[in-house]
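Overview (structure and organization)
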Amino acid sequence: MIKFKTQLVTVDDVKKFVRSASAIPTEVWVTEGRTQINGKSIMSMFSLNLSNPITVEISSEKYLNAFTCEMTDITEEDHIPEHILKLKAILNKYEKQISEEDMIEALDMLLKIKENR
């Protein structure tokens, strides 16, 4: 998992960012304050307070070159087990509604987490 900070100032900056995020074959999570959204959704991006810097999370450093924005504070978080990352992605994907199948998958992952402790 790679994290970096960036500042999107103009509407064009946001459009370019979403275009870049949509072009890579992995999830792109954007955090501003305590809000985390899908970085491939232009509507979600415009719901953020973009007067503050945002934190972007992607799965691998190989996708960094897809982004044209200025990046700061680039960090790699490889100590997080894959099943925890997948659980986080599943739960963030659904704000209020989650299918029974996805809930079962999330619960299975929680059991794996408990077993690894």
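Relevant structure appears above.
What comes next is a walk through the structure. (Residues numbered from 1 in each chain as written. Predicted model: local features only at pLDDT ≥ 70, side-chain atom pairs only at ≥ 80, totals over all residues. Heavy atoms only, no water.)

Take the overall build of the protein chain next. Counting its secondary structure elements, the protein chain contains 4 helices and 5 strands. Element order for the protein chain, N to C, with α for helix and β for strand: β-α-β-β-α-β-β-α-α. In the protein chain, which comprises 117 residues, the proportion classed as buried is 35%. Looking at the protein chain alone, contacts between residues at least 24 apart form 64% of all its contacts between residues at least 6 apart. For the protein chain, the accessible area works out to roughly 7800 Å², and carbon and sulfur atoms hold 51% of it. (Helix = DSSP H or I, 4+ residues; strand = E, 2+ residues; numbered from the N terminus. Buried < 20%, exposed > 50% of the residue type's maximum accessible area, 1.4 Å probe, protein only. Contact = heavy atoms within 4.5 Å. Areas by Shrake-Rupley, 256 points an atom, 1.4 Å probe, with all protein chains shown as cover.)

What follows is about the nonpolar core. The biggest cluster of nonpolar side chains holds 21 residues, and the ones touching the most others in it are Phe-17, Val-28, Val-30, Met-45, Ile-58 and Phe-67. Per element, the largest residue contribution to this core is 4 residues, and it comes from helix 1 (residues 11–23). Setting aside anything within four residues of it in sequence, one finds Met-45 in contact with Leu-8, Val-14, Phe-17, Val-18, Val-30, Ile-37, Gly-39, Leu-50 and Ile-54. (Core = buried A, V, L, I, M, F, W, Y, C linked by side-chain atoms within 4.5 Å.)

The topology assignment puts Asp-73 in strand 5 (residues 72–76). Between the C-alpha atoms of Asp-73 and Lys-3, which are 70 residues apart in sequence, the distance is 7.7 Å. Those residues in contact with Asp-73 that sit more than four places away from it in its chain are Lys-3, Phe-4 and Lys-5.

Scanning the entire structure with this criterion turns up 2 aromatic pairs. For the ring pair Phe-4 and Phe-67, a centre distance of 5.5 Å and an interplane angle of 65° mean the geometry is edge-to-face. You can see Phe-4 sitting in strand 1 (residues 2–6) and its partner Phe-67 sitting in the loop between strand 4 (54–58) and strand 5, a full 63 residues away along the chain. Owing to a relative accessible area of 5%, Phe-67 belongs among the buried residues under this scheme. (Phe/Tyr/Trp six-rings, centres within 6.5 Å; stacked < 30°, edge-to-face > 60°.)

It is worth spelling out the pairing of strand 2 (residues 29–32) at this point. Burial of strand 2 is two-sided: the residues Trp-29 and Thr-31 facing one way and the residues Val-30 and Glu-32 facing the other way are all buried. Where strand 2 meets strand 3 (residues 35–38), 4 bridges bridge the pair, whose relative direction is antiparallel. Looking at strand 3, one finds that Glu-32 is bridged to Thr-35. (Pairing = 2+ DSSP bridges.)

Strand order in the open sheet made by the 5 strands is 3-2-4-1-5, with antiparallel pairing throughout. On the outer flanks of this sheet lie strand 3 and strand 5, each paired with one strand and no other. If you compare each strand with its neighbour and ignore which way they point, the axes differ by 20° on average. Relative to strand 4, strand 2 is paired through 3 bridges, and the arrangement is antiparallel. Bridge assignment links Thr-31 to a residue of strand 4, and that residue is Thr-55. (Axes fitted to C-alpha atoms, helices over the stretch in contact; angles between N-to-C directions.)

A few words now on helix 1. In a regular helix each residue adds 1.5 Å, so 13 residues correspond to 18 Å; helix 1 covers 19 Å between its end C-alpha atoms and thus fits that length. Structurally, helix 1 contributes buried residues whose contacts are with strand 2, helix 2 (42–46) and strand 4. (Expected span 1.5 Å × (residues − 1).)

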